[in-house]
Amino acid sequence: MAAQVKQAPLDTARQTIQVAGSARPGETAIYRHPYSKPDLSVDDGSGVQTLYENFQYGVKSYPDSTLIGYRPFNIQTGKHENYYTWQTFREVNERVTNLGSGLLQLQSTLSSDSVRRGGWNLGLYSGNRPSWFVAEQACNAYSLVSVALYDTLGPKAAEYIVNHAEIPIIVAAGDKLPLLLASAEAMPSLKIIISMDPLDAPLSSLPPGYADTRSLLNAWSKRAGIQILEFSEVEALGQKNPHVHIPPSPKDICTLCYTSGTTGNPKGVMSTHENYISSSMSAGFTFDVKPSDVHISYLPLAHCMERCSQAMMLRMGASIGFHSGDIADLMEDIAILRPTIFPSVPRLFNRIYDRLTAATIHAPGLKGALFRKAYAAKRESMLSGAGPEHAVYDRLLFSKVRAVLGGRVRSMLTGSAPIGPDVLEFMRVAFSCPVYEGYGQTENAAACTVTMAEDYNTGRVGAPFRCNEVKLVDVPDMQYHATDKPCPRGEIMVRGTNVFVGYYKEPEKTAEALGEDGWLRTGDIGRINTDGSISIIDRKKNIFKLAQGEYVAPEKIENVYKLSPLVENIYVHGDSLESSLVGVISPDPEEFIPWVHRFLGTSSISMADSLQDSRVRQAVLKELNKSARAGKLRGFEFIKAVHLVADAFSVDNGTMTPTLKIKRNECAKLYRANIDEMYAVLKNPSPKL
């Protein structure tokens, strides 16, 4: 059992320390966690140094505890069952050994190298599921490098990654087989596809979205030279031909995580075992995971955040329940699993907030009055330092709110984008538990800072992890300086044992991101607050200059406008030939349609017609101005015209990355005519938009 190192709680008024004598012209001093070691190494008492050791520690400490669970799919009903089926640490370890041994046997047929050779790249192409987990642990057990492909990737992106990483074997969901087979000729390195789903299944036996036997056979027959096996067949092969584990070293590459670049091809981030252990172990000091905890896995495993979270669960003997595959069924999965740990992203937290506040503090009549009184009392208690718990109000009112996430959640985490202060505060008060906000990138194994449970301030991302240090560097063009008063501001630089080693096969881009002294340039503008915590205040990347000379960071502006309940997503556009910004907005139907009906005084107008109504566009712009003022945007950062579209941004049409970031160049091309029309009307205000 992990001997978690216990240390005195941090003082919320002094969350970081400065390294003496480290300040330089144009830079702040170096900031560290008060408990950081001089070499930035971390150890929670387990002695774990690699992801392989991490899993084996869990197997040794909790062999018969439940590890991974899923909802079985019922062939007769065409639905997932209303319960989870579980496998223990011991059972999963046996599967890992069998699969890993089978992979080595298969690889030996493709290479003249010894069957014991590790270090080659194994592709993983599916949504979150137990077989993905087993395959990744097999990579760690036999020193293979996992290459994760987002489940949402189309043929071209998948083809690029397979070729760039020279993947010989890929483990994929059944619905990916036709895509891979159709592109086989363009992927010469790919020789073997391992299907996570049965190849001979009847048409009605697989969940919606999975490939059926006929489509597989049709695609298979069109291509030659690719061997296809079932996941279970490879496990059986390994069981007959067992191989001892080939443990990796801390400095060995464990994964290539392809960043979903907003411009150009994705870059393969090379991360080591040390990187992920440093990040997950540092996070573990904050989250205090227990063997009784249950984590719900639905954030993409192809992204580092979910993998870092799972590494933390493994070491502490917690259970991981996988969602059933369709994000529309997530709340049903949560109700059945009843997780205790709930990581999410602002986009989902915003939806939960909108629905819960409408039914509680924004509800009409006596119900709303009771919830507002209860909320005010709990909030006052929280801000006084006594915590948000209230014996009476929690039992009578907020127990129903907690039931939305299963009723057992004791810890939440938000990351990937800024979260609105109202949303963050509501979640803390209503669920009576810490809601941590983290900050990081793929390049530092998911995170490099996190807030404290006792710090109830908003607009902050906390203090540095114990495994890394932070400094700010001047950005003169944007008027951010290390000498700014009362708080230093500048580009956030990160250095530590969680920082990646480089981009695969791209030394030039590696040099752009990593300095010779190991400092990672994040591209984010930060502020060191008086208590030592860090706030993200702007974005250096993707900045452009307007005609009047003002610099604009569109991502920061988009994040402000996304806090409006009317906005599902937004693309802010501007360039050096224009003096103002315009926006393309995809409204949130659940909020937008009722709002339009109230505004126009009629329920007869359709969504499509409302998007084209000039009165609606003007009213939307006024609502967005409220968000802009609340977000303290400067005048030139306000958008001056909007174009409304339904389902504007998606991975399928190429305007979003798999991590749901706007691809700016593609949006500019797709909406060029609309953008030109908005600027034309701004220059000639009649008729109004």
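Residues numbered from 1 in each chain as written. Predicted model: local features only at pLDDT ≥ 70, side-chain atom pairs only at ≥ 80, totals over all residues. Heavy atoms only, no water.

A. Expanded view of the overall build of the protein chain. Looking only at helices and strands, one finds 21 helices and 30 strands in the protein chain. Here the C-alpha atoms of the protein chain give a radius of gyration of 26 Å, agreeing with the 26 Å that 2.2 N^0.38 yields for 689 residues. Its C-alpha atoms give the protein chain principal-axis dimensions of about 75 × 60 × 55 Å. The buried share of the protein chain, taken over its 689 residues, is 57%. (Helix = DSSP H or I, 4+ residues; strand = E, 2+ residues; numbered from the N terminus. Rg over C-alpha atoms; globule rule 2.2 N^0.38 Å. Buried < 20%, exposed > 50% of the residue type's maximum accessible area, 1.4 Å probe, protein only.)

B. Local environment of the sheet that holds strand β30 (residues 639–644). Spatial ordering of the open sheet is given by β28-β29-β30, a layout of three strands whose pairing is mixed. A strand with exactly one partner marks an edge of an open sheet, and here the two such strands are β28 (567–573) and β30. Going from strand to strand, the sheet's axes swing by 30° on average, the running direction of each strand aside. Taken together, the four bridges between strand β29 (residues 581–587) and β30 define a ladder with parallel strand orientation. The residue bridging Val584 from the neighbouring strand is His643, located in β30. On top of the sheet, helix α16 (residues 554–561) reaches β28, β29 and β30; it is set at about 150° to β28, its chief contact. (Pairing = 2+ DSSP bridges. Axes fitted to C-alpha atoms, helices over the stretch in contact; angles between N-to-C directions. Contact = heavy atoms within 4.5 Å.)

C. Region of interest: unusual backbone geometry. Cis geometry marks the peptide bond from Lys485 to Pro486; its omega dihedral reads 0°. In this structure, Pro486 sits in the loop between β21 (468–473) and β22 (489–496). At Leu40, a residue that is not glycine, the phi angle is positive and equals roughly 65°. Position of Leu40 relative to the elements: it lies in the loop between β2 (31–32) and α1 (51–61). For Leu40, a relative accessible area of 5% gives the class buried. The backbone of Lys632 shows a phi angle near 60°, a positive value even though the residue is not glycine. Within the element layout of this structure, Lys632 appears in the loop between α19 (614–630) and β30. Residue classification places Lys632 among the exposed positions, given a relative accessible area of 74%.

D. Geometry of the domain arrangement of the protein chain. Its domain assignment divides the protein chain into domain 1 (16–45 + 460–539), domain 2 (51–320), domain 3 (340–433) and domain 4 (544–683). The C-alpha centroid of domain 3 is placed 32 Å from the C-alpha centroid of domain 1. (Domains from an automatic or database assignment.)

E. Spatial organisation of the pattern of salt bridges. Summed over all chains, the structure comprises 35 salt bridges. Between Lys505 and Glu166 there is a salt bridge whose closest N-O contact spans 2.7 Å. Of the two residues, Lys505 sits in the loop between β23 (502–503) and α15 (507–513) while Glu166 sits in the loop between α4 (155–164) and β9 (169–172), which places them 339 residues apart along the sequence. The salt bridge involving Arg495 is made with Glu469; its shortest N-O contact spans 2.8 Å. On the criterion of sequence distance, the pair formed by Arg495 in strand β22 and Glu469 in strand β21 is long-range, its members being 26 residues apart. Note on Arg495: relative accessible area 24%, which makes it partly exposed. Each of Asp538, Lys556, Arg634 and Glu637 takes part in one network of salt bridges that share partners. (Salt bridge = Lys/Arg side-chain N within 4 Å of Asp/Glu carboxyl O.)

F. Up close: helix α17 (residues 589–600). The first and last C-alpha atoms of α17 sit 16 Å apart over twelve residues, in line with the 16 Å expected at 1.5 Å per residue. Those residues of α17 that are buried lie in contact with β29, α18 (607–612), α19 and β30. If you check the start of α17, you find a side-chain oxygen 3.1 Å away from the backbone N of Glu590, and it comes from Asp588. (Expected span 1.5 Å × (residues − 1). Polar contact = N/O pair within 3.5 Å; in protein donor to acceptor, adjacent residues only side chain to side chain.)

G. Up close: the pairing of strand β24 (residues 520–528). Burial runs high along β24: seven of the nine residues are buried. Sheet analysis places β22 next to β24, joined by five bridges and oriented antiparallel. Bridge pairing in β24 places Met493 opposite Arg521. Pairing of β24 with strand β25 (residues 534–539) involves five bridges; the strand directions are antiparallel. Following the sheet pairing, Asp524 is matched in β25 by Arg539. What sits between the antiparallel neighbours β24 and β25 is a turn of five residues, in which Gly532 has the positive phi angle 90°.

H. Summary view of the side chain of Thr414. Inspection of the secondary structure assignment puts Thr414 in strand β17 (residues 411–414). Classification of Thr414 as buried rests on a relative accessible area of 0%. Contact partners of Thr414, with chain neighbours within four places excluded, come to Ser344, Val345, Pro346, Phe349, Ile419, Tyr436, Glu437 and Gly438.

I. Structural context of the sheet that holds strand β10 (residues 192–195). Pairing is mixed in the open sheet, where eight strands are placed in the order β11-β10-β9-β7-β8-β12-β13-β23. The open sheet has two edge strands with one neighbour each: β11 (227–230) and β23. Here β10 pairs with β11 via four bridges, running parallel. Bridged to Ser195 within β11 is Glu230. Packed on one face of the sheet, α4 meets β7 (121–125), β8 (145–149), β9 and β12 (253–258) and runs near 165° to β8. Along the sheet, helix α7 (residues 231–240) contacts β9, β10 and β11; its crossing angle with β11, the most-contacted strand, is approximately 85°.

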